[in-house]
Amino acid sequence: MQARTSIAARRYAAALLDLAAQANVVPAVEKDMIELASMLRSSPELQGFSGNPLIARTAQTKAITALADKAGFHALTRNFLGTLAQNRRLPMLAGVLAAFQDELMRRRGEIRAKVEVAAPLSDKQAKALQERLSAQTGATVGLAVTVNRDLIGGMVVNGFLWGPGAKMWKTKPEQFTNRVEVAGLYWHFVDLVWIFLF
């Protein structure tokens with residue numbers, strides 16, 4: 001399911017994170033959001049329910065809060081989901097969940113690296129890649145790993161040039177005037193990651 005991070009989704013996500021920070025319960029709410037995102041990805045029924053505008057507001061509110069109770073979510077998460085339902089915003093739930101993680105990483109000064117691999121990474125490989133990317137970028141890097149069976153081998157890493165590289169593009173454009181050079185540097189970086197890991 002493709003998550004859309006609209007302006008409204010980002011605002012809801014930022015508001016939830018602000019409330020969680022004020023109540024000092026960010027880790028608990030983060031855990032809930034990760035678990036809910038996993039539920040949403042793996043359940044076509046939940047996707048259909050949350051995205052169906054024909055279901056009555058009260059029915060959606062009752063059902064989503066019951067789900068939160070059953071999952072043992074924090075009261076703040078439960079109330080937030082109820083508010084989404086009351087405001088008829090459940091269709092943007094996937095976008096809110098994605099925006100929450102993006103905003104949380106931004107506030108922590110982390111970079112999200114999207115990694116495509118031909119075969120699933122082991123925990124050891126994922127940790128090694130994360131450490132290597134963190135060392136290369138000078139920032140904490142979070143991995144979003146997806147398996148693409150169409151890849152012949154190896155991996156594709158996106159994120160480096162959209163993190164520190166993007167800042168350098170704005171502050172020192174003379175160093176990045178040639179897009180071909182940028183692409184070449186990117187693929188050299190991928191080659192180095194491949195060599196170090198495998």
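1. Remarks on the packing of helix 1 (residues 7-22) against helix 6 (residues 93-108)
Phase 1: The contact between helix 1 and helix 6 brings their axes to 8 Å, and the two run at 55°. It follows that helix 1 is oblique to helix 6 by the angle criterion. Classified by chirality, the crossing of helix 6 by helix 1 is right-handed. Only Gly95, Val96, Ala99, Phe100, Glu103, Leu104 and Arg107 of helix 6 make contact with helix 1, whose side of the interface consists of Ala9, Arg10, Tyr12, Ala13, Ala14, Leu16, Leu17 and Asp18.
Phase 2: Across the contact of helix 1 with helix 6, the residue classes break down as 10 nonpolar, 1 polar and 4 charged.

2. A closer look at the pairing of strand 1 (residues 110-117)
Phase 1: Burial along strand 1 is one-sided: the face carrying Ile111, Ala113, Val115 and Val117 is buried and the face carrying Glu110, Arg112, Lys114 and Glu116 is not.
Phase 2: Looking at chain direction, strand 1 and strand 2 (residues 140-147) are connected through 8 bridges and run parallel. Within strand 2, the position partnered with Lys114 by the bridge is Ala144.
Phase 3: The β-α-β motif built from strand 1, the intervening helix 7 (residues 123-137) and the parallel element strand 2 has right-handed crossover chirality.

3. Section: the pattern of salt bridges
Phase 1: Counted by the stated rule, this structure contains 6 salt bridges.
Phase 2: Note that Glu30 is salt-bridged to Arg108, the shortest N-O span being 2.9 Å. Of this pair, Glu30 sits in helix 2 (residues 26-42) while Arg108 sits in helix 6, and the two are 78 residues apart along the sequence.
Phase 3: Residue classification places Arg108 among the partly exposed positions, given a relative accessible area of 40%.
Phase 4: Where Glu35 meets Lys31, a salt bridge forms, and the shortest distance between an N and an O atom there is 3.9 Å. With a gap of 4 residues between them, Glu35 and Lys31 both fall in helix 2, about one helical turn apart.
Phase 5: By relative accessible area, which is 54% here, Lys31 ends up exposed.
Phase 6: By sharing partners, the salt bridges in this structure join Asp18, Glu103, Arg106 and Arg107 into a single network.

4. Some remarks on helix 4 (residues 57-71)
Phase 1: The end-to-end C-alpha separation of helix 4 is 21 Å, in line with the 21 Å expected for 15 residues at 1.5 Å each.
Phase 2: Taken residue by residue, helix 4 has Gln60, Thr61, Ile64, Thr65 and Ala68 as its buried positions. Along helix 4, the residues classed as buried sweep out an arc of 115° about the axis, all on the same side. Exposed residues on helix 4 whose side chains face more than 90 degrees from its buried face are Thr58, Lys62 and Lys70.
Phase 3: Of the surrounding secondary structure, the elements contacted by the buried residues of helix 4 are helix 3 (44-50) and helix 5 (75-86).
Phase 4: Positive phi shows up at Gly72, right after helix 4, with a value of about 75°.

Conventions used here
- Residues numbered from 1 in each chain as written.
- Predicted model: local features only at pLDDT ≥ 70, side-chain atom pairs only at ≥ 80, totals over all residues.
- Heavy atoms only, no water.
- Axes fitted to C-alpha atoms, helices over the stretch in contact; angles between N-to-C directions.
- Helix = DSSP H or I, 4+ residues; strand = E, 2+ residues; numbered from the N terminus.
- Parallel < 35°, antiparallel > 145°, perpendicular 65-115°, else oblique.
- Left-handed = near helix turned anticlockwise from the far one by under 90°.
- Contact = heavy atoms within 4.5 Å.
- Nonpolar A, V, L, I, M, F, W, Y, C, P; charged D, E, K, R; others polar.
- Buried < 20%, exposed > 50% of the residue type's maximum accessible area, 1.4 Å probe, protein only.
- Pairing = 2+ DSSP bridges.
- Right-handed = clockwise from strand over helix to strand, strands pointing away.
- Salt bridge = Lys/Arg side-chain N within 4 Å of Asp/Glu carboxyl O.
- Expected span 1.5 Å × (residues − 1).
- Arc of directions from axis to C-beta.

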